Amino acid sequence: MKKLLYVLSISLCFSCHNQAQINPEQQKVIDADPVEVPLENGKARAYFASGCFWCVEAIYESVKGVDEVISGYSGGFTENPTYEKSNTGRTGHAEAVEVIYNPEVVSFSALVDVYFGSQDPTQVNGQGPDWGSQYRSIIFYQNDAQKKIIQEKKEALAKKLDAKIAAEVYPFQKFWIAETYHQDFEKRNPNQRYIRAVSIPRLNRFKAKFPELLKEEGKH
């Protein structure tokens, strides 16, 4: 009898734990219709989350056809996220970047290749030393064509690596620009300890892997 009660109590504990992990507000974000951002002066925008936005911003800014990259937050269910709030892991948001690019020079498909090729695609809830849901990998789509590109590349990569790919696929909803001091952080702080130990090595690994996609300037 004691054994049965113990088993039942453990089952109830796990059941409650599992229920606690389901956030209805986050599910609404995942199930929402995507928002498509119109071209502006011939430039398109794409959104990616892949660990610390300092690293991801620097990677995309090195890509030919990319005009500007902005650090911010996306994928969550709260309004006006901040760095401090996002870091609690309770806003649903991940550190993300907005990539402003010329689709005549670089395609969305190529930007997805950059995304998967510049991270550890199997690492769940983080990249490198950065752990937590705010550092999880999310790739955002704005229409069915983009969603198809993402899913096909994700499936092909899973088959190639014979592993589960951690990146979540979300409909794009809104991008919140991060605090001013986060913008161009790697460029402005090349000697900062994290930048030297994590960001620049990650950038250089990407550059070695995709030399054909790089701009001529800005080599490290």
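Residues numbered from 1 in each chain as written. Predicted model: local features only at pLDDT ≥ 70, side-chain atom pairs only at ≥ 80, totals over all residues. Heavy atoms only, no water.

A. Spatial organisation of the layout of surface pockets. By volume, the second largest pocket amounts to about 270 Å³. Around the second largest pocket, the lining is made up of 13 residues, and of these F116, G117, L157, K160 and K209 lie nearest the centre. In terms of residues, the lining of the second largest pocket owes the most to one element, helix α6 (residues 144–161), which gives five residues. (1 Å grid on protein atoms, 1.4 Å probe; cavity = no way out; pocket = protein on both sides within 12 Å on 5 of 7 lines; lining within 4 Å. Points joined across faces, edges and corners; volume = space filled by probe spheres on them. Helix = DSSP H or I, 4+ residues; strand = E, 2+ residues; numbered from the N terminus.)

B. Geometry of the pattern of salt bridges. In the structure shown here, the tally under the stated rule is seven salt bridges. Residues E40 and R45 are paired through a salt bridge, measuring 3.5 Å at the closest nitrogen-oxygen approach. Among the salt bridges present, the one from K187 reaches E61, with a minimum N-O distance of 3.4 Å. Residue K187 is found in helix α7 (residues 185–188), and its partner E61 is found in helix α3 (residues 53–61); the two are separated by 126 residues along the sequence. Under the relative-accessibility criterion, E61 is labelled buried at 15%. (Salt bridge = Lys/Arg side-chain N within 4 Å of Asp/Glu carboxyl O. Buried < 20%, exposed > 50% of the residue type's maximum accessible area, 1.4 Å probe, protein only.)

C. Quick peek at the pairing of strand β1 (residues 44–50). For β1, a buried count of seven out of seven residues is recorded, marking the element as mostly surrounded by other parts of the structure. Alternating positions in β1 separate into two faces, A44, A46, F48 and S50 on one and R45, Y47 and A49 on the other, with burial throughout. Summarising the sheet, β1 and strand β3 (residues 94–101) pair through five bridges and their orientation is antiparallel. When the bridges of β3 are listed, F48 appears paired with V97. Relative to strand β6 (residues 137–141), β1 is paired through three bridges, and the arrangement is antiparallel. (Pairing = 2+ DSSP bridges.)

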